[in-house]
Amino acid sequence: MWRVWTVLRFVGSAMMVDRAVSRVKDIVSKEREPSLDEALEKFQKAHEELLKMEQVIQSKHRKLQSIVNRAKKEV
């Protein structure tokens, strides 16, 4: 009985170690799903970049529109 108990304890410990190792691999893996904070930070950066690009598009549009308006006046 003592040997059975020792074997069961060893198997249980091995399973706990295996579970811990797989958990650490999941945490370290780059293919994991980002945390909420990481996702919010990425979203904020993307949103700021989007706003900057919209400003650039608006300024280019204004410049082109002024060129078109001047060309219409000359014709």
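Scroll up to find the structure this text is about.
Residues numbered from 1 in each chain as written. Predicted model: local features only at pLDDT ≥ 70, side-chain atom pairs only at ≥ 80, totals over all residues. Heavy atoms only, no water.

An account of a nonpolar patch on the surface is requested, with residue identities and associated values reported.
A cluster of nonpolar side chains, namely Met1, Trp2, Val4, Trp5 and Leu8, defines an oily patch on the protein surface of about 700 Å² accessible area. On the secondary structure map, methionine 1 appears in the segment before α1 (2-28). With a relative accessible area of 83%, methionine 1 lands in the exposed category. (Patch = residues over 30% accessible without salt bridge, like charges linked within 9 Å, V, L, I, M, F, W, Y side chains within 5 Å. Areas by Shrake-Rupley, 256 points an atom, 1.4 Å probe, with all protein chains shown as cover. Salt bridge = Lys/Arg side-chain N within 4 Å of Asp/Glu carboxyl O. Helix = DSSP H or I, 4+ residues; strand = E, 2+ residues; numbered from the N terminus. Buried < 20%, exposed > 50% of the residue type's maximum accessible area, 1.4 Å probe, protein only.)

For the pattern of salt bridges, give the residues involved together with the corresponding values.
Summed over all chains, the structure comprises one salt bridge. Put simply, glutamate 41 and lysine 45 hold a salt bridge, and the shortest N to O gap is 3.5 Å. One end of the pair, glutamate 41, and the other, lysine 45, are both in helix α2 (residues 36-74), four residues apart, so they sit about a helical turn from each other. Residue glutamate 41 is classed as partly exposed on the basis of its relative accessible area, which comes to 46%. Assessed through its relative accessible area of 52%, lysine 45 is described here as exposed.

What is shown is where atoms sit, not what they do.
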